[in-house]
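Okay, here's what each chain looks like letter by letter:
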Amino acid sequence: METNNQTNQNKEAELDLINRYTRKKLSEKDVYVFSVSLCDNDVDRDFECFSLSALNGLAALFEGKTGIFDHNAKSTLQTARIFKTWVETDKSRKTPLGEFYGVLKAMAYMVRTKENESLIEEIEGGIKKEVSVSCAVEKALCSVCGADMRKHDCEHMRGKTYSGSLCFAVLKEPTD
């Protein structure tokens, strides 16, 4: 059971992390804090997946990044900032790579303003709950032959099955 003292310590620790990115010290009443799942190591609709090691590399790269709408980095569409990241693993579930399932989670904050009151309500109500991440990786390896699908000749097509194995790109070594 968490005591009020532990809750207050957790909130203070979160505010300390948030205030690393602010120009003025924000208080609990100034911010809306929420968690988000950014990406995982399961095969997605584009027949790509991150390796578990890539998720861990992305964790450090996403701290301090802003959330935007529709992949548009225009400053007026910057909405939230990520202040903490971690990878959670589920040892009861395996991915097609044979790794334990992992998900890159984050804590983000928004400054409470009149303009974003409805967005906060939509997040709280479960309407706004999906995110899409953008990143760069050094390698996109073929799950069938291991060749880098962007740099080497690879005859395999994402989404096709070869000798009972689904072909997908394994994203490794995040750089940005």
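Keep in mind it's a predicted model, so treat the numbers as computed, not measured. (Residues numbered from 1 in each chain as written. Predicted model: local features only at pLDDT ≥ 70, side-chain atom pairs only at ≥ 80, totals over all residues. Heavy atoms only, no water.)

### Focus: the sheet that holds strand E2 (residues 48-50)
Quick reminder of the rule: A pair of strands counts as paired when DSSP detects no fewer than two bridges linking them. For helices the rule is a DSSP run of H or I covering at least 4 residues; for strands it is a run of E covering at least 2, with both sets numbered from the N terminus onward. Inter-axis angles, ranging from 0 to 180 degrees, are taken between N-to-C directions of lines fitted to C-alpha atoms, where helices are fitted over the stretch in contact. Contacts: residue pairs with any heavy atoms within 4.5 Å of one another.
Ordered in space as E2-E9-E6, the three strands form an open sheet in which the pairing is mixed. Every other strand in the sheet has two partners, leaving E2 and strand E6 (137-142) as the edge strands with one partner each. Neighbouring strand axes in the sheet, compared pairwise and without regard to direction, differ in orientation by 30 degrees on average. Packed on one face of the sheet, helix H2 (residues 52-62) meets E2 and strand E9 (169-174) and runs near 40 degrees to E9.

### Quick word on the environment of valine 170
The cut-off we apply is this: Here's how the labels work: a residue is buried when its accessible area is under 20% of the maximum for its type, exposed when over 50%, partly exposed in between, all with a 1.4 Å probe on protein chains only.
Here valine 170 is to be found in strand E9. By relative accessible area, which is 5% here, valine 170 ends up buried. Beyond its immediate stretch of four places on either side in the chain, valine 170 contacts Cys49, Ser51, Leu97, Lys139, Ala140, Leu141 and Ser143.

### Things to note about the state of the cysteines
The cut-off we apply is this: To count as a disulfide, a pair of cysteine sulfur atoms needs to be within 2.5 Å.
Applying the stated criterion to the full structure yields zero disulfides. In this structure cysteine 167 is a free cysteine whose sulfur lies 3.9 Å from that of cysteine 142, the closest cysteine sulfur available.

### Thoughts on H2
Test applied: The arc in question is traced by the directions running from the helix axis to the C-beta atoms.
Among the residues of H2, Leu52, Ala54, Leu55, Leu58, Ala59 and Phe62 are the ones counted as buried. The buried residues of H2 occupy an angular sector of 155 degrees when the element is viewed end-on, so they sit on one face. The exposed residues of H2 that point more than 90 degrees off its buried face are Ser53 and Ala60. Looking at the buried positions of H2, the neighbouring elements they touch are strand E1 (31-40), E2, strand E4 (78-94), strand E5 (100-111) and E9. Of the residues flanking the end of H2, it is glycine 64, one or two places downstream, whose phi is positive at about 90 degrees.

### Some thoughts on the pattern of salt bridges
What counts, and what does not: Throughout this description, the term salt bridge denotes a Lys or Arg side-chain nitrogen within 4 Å of a carboxyl oxygen of Asp or Glu.
In the structure shown here, the tally under the stated rule is nine salt bridges. For aspartate 30, the salt bridge is made with lysine 29, and the minimal N-O distance between the two is 3.5 Å. You can call lysine 29 exposed: its relative accessible area is 67%. In this structure, the salt-bridge partner of glutamate 122 is lysine 128, at a minimum N-O distance of 3.6 Å.

### Observations regarding the sheet that holds E1
Strand order in the open sheet made by the four strands is E1-E5-E4-E3, with antiparallel pairing throughout. Since the sheet does not close on itself, it has two edges, and those belong to E1 and strand E3 (66-68), each with one partner. Strand-to-strand twist of the sheet, defined as the mean angle between neighbouring strand axes without regard to direction, takes the value 45 degrees. Of the strands in this sheet, E1, E4 and E5 touch helix H3 (residues 117-124), which is tilted by about 50 degrees from E1.

### Overview of unusual backbone geometry
In this model, phenylalanine 47 sits at a positive phi of 55 degrees, which is unusual for a non-glycine residue. Inspection of the secondary structure puts phenylalanine 47 in the loop between E1 and E2. Take phenylalanine 47: its relative accessible area is 30%, and that puts it in the partly exposed class. Of note, serine 163 is a non-glycine position whose phi angle comes to about 50 degrees, a positive value. Its location among the elements puts serine 163 in the loop between strand E7 (161-162) and strand E8 (165-166).

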